[in-house]
Amino acid sequence: MIPRATVPAALHYTRRADSRWVVALGDEVSRGSVLASGMCFEHAAAGGVVVHVDHQRIVIRTRHDHRQELLDPIDPRDPANRQAVLRRIQEAGIVGLGGGGFPTHLKLLAAARGNVQTLIVNAVECEPGIHCDAELIQHELPVILEGIDVVRNLLGVTETYIGCSRSTFFELPAATTELIEPVEPTDGAERYLVSRLTGTDLPMGVRPVDSGSIVLNVGTLHAIARAMAGEALIERVATVFGENLRVLIGSPLKHFGAGEHFRVGGELSGQVVGADAAITKETNAVAVSGQFKNLPCIRCGACDTVCPEKLPVASLVGISSSEGVLNHAALGCISCGLCNPVCPSDIDVAGTIRNMKQVRQHELTRASAAQRSLERSTQHEGRRLVQEAAQAERRAERLAKLQAAEAAPPVDPRA
Amino acid sequence: MTALIASIALVGLIGLILAFALKRWPSSDNDLVLQVNALLPQTQCAQCGYPGCLPYARAIVENKVRLDQCPPGGAQTHSALVRLLPDHPAGSAPPEPAAAIALIDEARCIGCYLCIPVCPVDAIVGAKGFMHTVLTKECTGCGLCVPTCPVDCIAMETVPTR
């Protein structure tokens, strides 16, 4: 058994876009109750009382109450249940547990609509500081295999590949296992894994689904199997201070140990967060972290040479503004974090680029929203003008008729 | 030979001057209006005091109206406008807007059809005498529908920034 972390005094949840809180201040919740619904679902990982709600965050003061709300089990082998299986994966709040956090039901839906023939199981733990997948495979392989079965049945895939490192090695009948040895820090990245296993190179911005394959992390597959049994995604295995634990999603990082700053994620790609952060569904590792010195960039170009995507990293960090073509290049970053340890000025290079990428993505979203809104308002305005013109015409006609009636001599009713 | 080189150089030089001039002084006010309009968020919310984004763009170019009148655009739109029109009365950057969408309390909606024609992006669906609802994906959060409701069943709800 993987050891369970203790239940913290409070659980913190942050709402994802496209979902709404369904609980209010003072509500009693139990383990497994729905907190947010919509495109993405969120569930309480422990029973308690909602003590804080705003549009972004929710806090639950926990009680020692271990009753769990379960959903009805679904038989994923029944072909009539395909819709129900997808719906369940959504309602169980499953997102990519490898660190991407992309809603799994959307990925599966895209795969079901596209022509996906290949399932790629991502068990490549390629970064120092994360070994939760190895632990999961060692203790709960049957559940993962169940999850693989669910996805195979759902999508009718013909080929299954398992990408793994030495610590996460496992095999499966009717699947090709590829042992990646030695492991490079980029080997677990979706695009790299697809090209390694299937031989298809994916350009930036092209999803694996577009090239006929779907990549799912072992943790995600585990969660899918649990969801079929009725359990929502409320806990995950994470490497916490070097130890693999089953942690409740929403646990504040302070609960696991003291520190001013924590690193969430692996030693390379991890992000430094403040002490008020909490475990999210994407959190695969937590450690205490120092802070970057962020000395001035000396333009040594070391980051440029290590970047696997051949991005102009030094120029990106150097301009540090949200404008121009270079900012666009940040979109190609796969957040592997190789640039951070080579920096002699101890700059948070990967973090800087991550922010630029977010800014750029935000700009693009705004631009496309403006475009959509312009199209719709143009249509609306056009229709309004046509309606108004028609109305004016009818009014003119009626007026003309009225005037004609007035101008004509009155009819003598006796005639 | 010299004549050929000289003429090519001359043509090139004139071309460069023209290209620069076109960038610096756009050919007409109308072009500039379109450029300004392209920077506005197109919510058509009328919070600037003009009936939509294009009328505001026209007012900026023709009447030198200040650039800080667009609350949904926030600091991002403001700085883009200042960059395009550096000599214009800029005003101060508005605060970052909180993204919001309108939500109709469907239990209280009486189906009066007053809010539907007001929505600039046709994000409210419904028919006279039937319940109306907001297409949350299309709603730009302009809030124009809120004052039209006779039973006050439309509320603006803040959403996380996407």
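Residues numbered from 1 in each chain as written. Chains lettered and ligands numbered in written order. Predicted model: local features only at pLDDT ≥ 70, side-chain atom pairs only at ≥ 80, totals over all residues. Heavy atoms only, no water.

**Looking at the packing of aromatic side chains**
Residue and element names in this part refer to chain B.
Working step 1: Here the structure, examined in full by the defined rule, presents 2 aromatic pairs over all chains.
Working step 2: Ring centres 5.9 Å apart and planes at 25° place the aromatic pair Y50 and Y56 in the stacked group.
Working step 3: When its relative accessible area of 1% is taken as the criterion, Y56 is described as buried. (Phe/Tyr/Trp six-rings, centres within 6.5 Å; stacked < 30°, edge-to-face > 60°. Buried < 20%, exposed > 50% of the residue type's maximum accessible area, 1.4 Å probe, protein only.)

**Looking at the interface of chain B and chain A**
Interface size, as often reported, equals the accessible area lost upon joining of the parts.
Working step 1: On the chain A side, the residues contacting the 26 residues of chain B number 18 residues.
Working step 2: For the pair chain B and chain A, the two sides together bury roughly 1,800 Å², of which 44% comes from carbon and sulfur.
Working step 3: The interface formed by chain B and chain A contains 4 salt bridges.
Working step 4: Put simply, B:D122 and A:R383 hold a salt bridge, and the shortest N to O gap is 3.2 Å.
Working step 5: Inspection of the region where chain B meets chain A yields 14 residue pairs in polar contact (both at pLDDT 80 or more). (Contact = heavy atoms within 4.5 Å. Buried area = accessible area lost by both parts, 1.4 Å probe. Salt bridge = Lys/Arg side-chain N within 4 Å of Asp/Glu carboxyl O. Polar contact = N/O pair within 3.5 Å; in protein donor to acceptor, adjacent residues only side chain to side chain.)

**Description of the domain arrangement of chain A**
Residue and element names in this part refer to chain A.
Working step 1: Annotation of chain A at the domain level lists domain 1 (10-69 + 234-288), domain 2 (79-228) and domain 3 (293-407).
Working step 2: With 24 residues of domain 1 at the interface, the matching set in domain 2 holds 24 residues.
Working step 3: Overall, the association of domain 1 and domain 2 removes approximately 1,900 Å² of surface from exposure, summing both partners, and the carbon and sulfur fraction of that is 56%.
Working step 4: Together, M39, F41 and N244 form the three largest contributors to the area buried by domain 1 at its contact with domain 2, with a combined 24%.
Working step 5: Across the contact surface, domain 1 and domain 2 share 1 salt bridge.
Working step 6: Between R246 and E140 there is a salt bridge, and its shortest N-O distance comes to 2.7 Å.
Working step 7: Secondary structure elements with two or more residues in the side of domain 1 that touches domain 2: β12 (235-240) and β13 (243-248). (Domains from an automatic or database assignment. Helix = DSSP H or I, 4+ residues; strand = E, 2+ residues; numbered from the N terminus.)

**Things to note about a nonpolar patch on the surface**
Working step 1: There is a patch of nonpolar side chains on the surface, built from B:M1, B:L4, B:I5 and B:I8 and spanning about 470 Å² of accessible area.
Working step 2: Mapped onto the elements, B:L4 comes out in helix α1 (residues 2-24). (Patch = residues over 30% accessible without salt bridge, like charges linked within 9 Å, V, L, I, M, F, W, Y side chains within 5 Å. Areas by Shrake-Rupley, 256 points an atom, 1.4 Å probe, with all protein chains shown as cover.)

**Thoughts on the pairing of strand β15 (residues 271-274) of chain A**
Residues in a regular strand point their side chains to alternate faces of the sheet.
Residue and element names in this part refer to chain A.
Working step 1: Summarising the sheet, strand β14 (residues 261-264) and β15 pair through 4 bridges and their orientation is antiparallel. By the bridge assignment for β15, H261 is matched with G274.
Working step 2: The antiparallel pairing of β14 with β15 creates a hairpin that spans 6 residues between the two strands, and G265 there sits at a positive phi of about 110°. (Pairing = 2+ DSSP bridges.)

**Comments concerning the packing of helix α1 (residues 82-91) of chain A against helix α5 (residues 218-228) of chain A**
Helices that pack against each other are described as a pair by the angle of their axes relative to one another and the distance between those axes.
Residues and elements named next belong to chain A.
Working step 1: Contact pair α1 / α5: the axes reach a minimum separation of 9 Å and the direction vectors enclose 110°. By the angle between their directions, the pair α1 and α5 is classed as roughly perpendicular. Seen along the crossing, α1 lies across α5 with a hand that is right-handed. In contact with V85, R88 and I89 of α1, α5 contributes I224, A227 and M228.
Working step 2: A per-class count over the contact of α1 with α5 returns 5 nonpolar, no polar and 1 charged. (Axes fitted to C-alpha atoms, helices over the stretch in contact; angles between N-to-C directions. Parallel < 35°, antiparallel > 145°, perpendicular 65-115°, else oblique. Left-handed = near helix turned anticlockwise from the far one by under 90°. Nonpolar A, V, L, I, M, F, W, Y, C, P; charged D, E, K, R; others polar.)

**Re unusual backbone geometry**
Excluding glycine, a negative phi dihedral is what most residues carry, and trans is how most peptide bonds are arranged.
Working step 1: The backbone of A:S335 sits at a positive phi, close to 55°, despite the residue not being glycine.
Working step 2: Counting through the fold element by element, A:S335 comes out in the loop between α8 (324-329) and α9 (339-342).
Working step 3: Located in the positive-phi region is B:Q44, a residue other than glycine, with phi close to 55°.
Working step 4: Take B:Q44: its relative accessible area is 13%, and that puts it in the buried class.

**Considerations on a positive patch on the surface**
Residue and element names in this part refer to chain A.
Working step 1: Residues R394, R395, R398 and K401 make up a contiguous surface patch of positive charge.
Working step 2: Counting through the fold element by element, R395 comes out in helix α10 (residues 349-407).
Working step 3: Classification of R395 as exposed rests on a relative accessible area of 51%. (Lys, Arg positive; Asp, Glu negative; His and termini not counted. Charge placed at Lys NZ, Arg CZ, Asp CG, Glu CD.)

**Points about the sheet that holds strand β2 (residues 19-21) of chain A**
All names here are of chain A.
Working step 1: In spatial order, the strands read β2-β4-β5; together these 3 strands make up an open sheet with antiparallel pairing. Strands with a single pairing partner mark the edges of an open sheet, and in this sheet they are β2 and β5 (42-43).
Working step 2: Relative to strand β4 (residues 34-38), β2 runs antiparallel, the two being bridged by 3 bridges. Each bridged residue has a counterpart across the sheet, and for S19 the counterpart in β4 is G38.

**Here we look at the side chain of A:S345**
All names here are of chain A.
Working step 1: Within the secondary structure, S345 is located in the loop between α9 and α10.
Working step 2: Under the relative-accessibility criterion, S345 is labelled buried at 5%.
Working step 3: Only 2.8 Å separates the side chain of S345 from the backbone oxygen of P296, close enough to count as a polar contact.
Working step 4: Leave out the neighbours within four places in its chain, and S345 touches N294, L295, P296, C297 and I298.

**Describing the domain arrangement of chain B**
Residues and elements named next belong to chain B.
Working step 1: Here the domain parsing of chain B yields domain 1 (27-97) and domain 2 (98-162).
Working step 2: Summarising the inter-unit geometry, the C-alpha centres of domain 1 and domain 2 are found 26 Å apart.
Working step 3: Between domain 1 and domain 2, the residue contacts involve 6 residues of the former and 6 residues of the latter.
Working step 4: Of the roughly 490 Å² buried between domain 1 and domain 2, counting both surfaces, carbon and sulfur atoms make up 56%.
Working step 5: One can count 0 salt bridges joining domain 1 with domain 2.
Working step 6: Here domain 1 is connected to domain 2 by 0 residue pairs in polar contact (both at pLDDT 80 or more).

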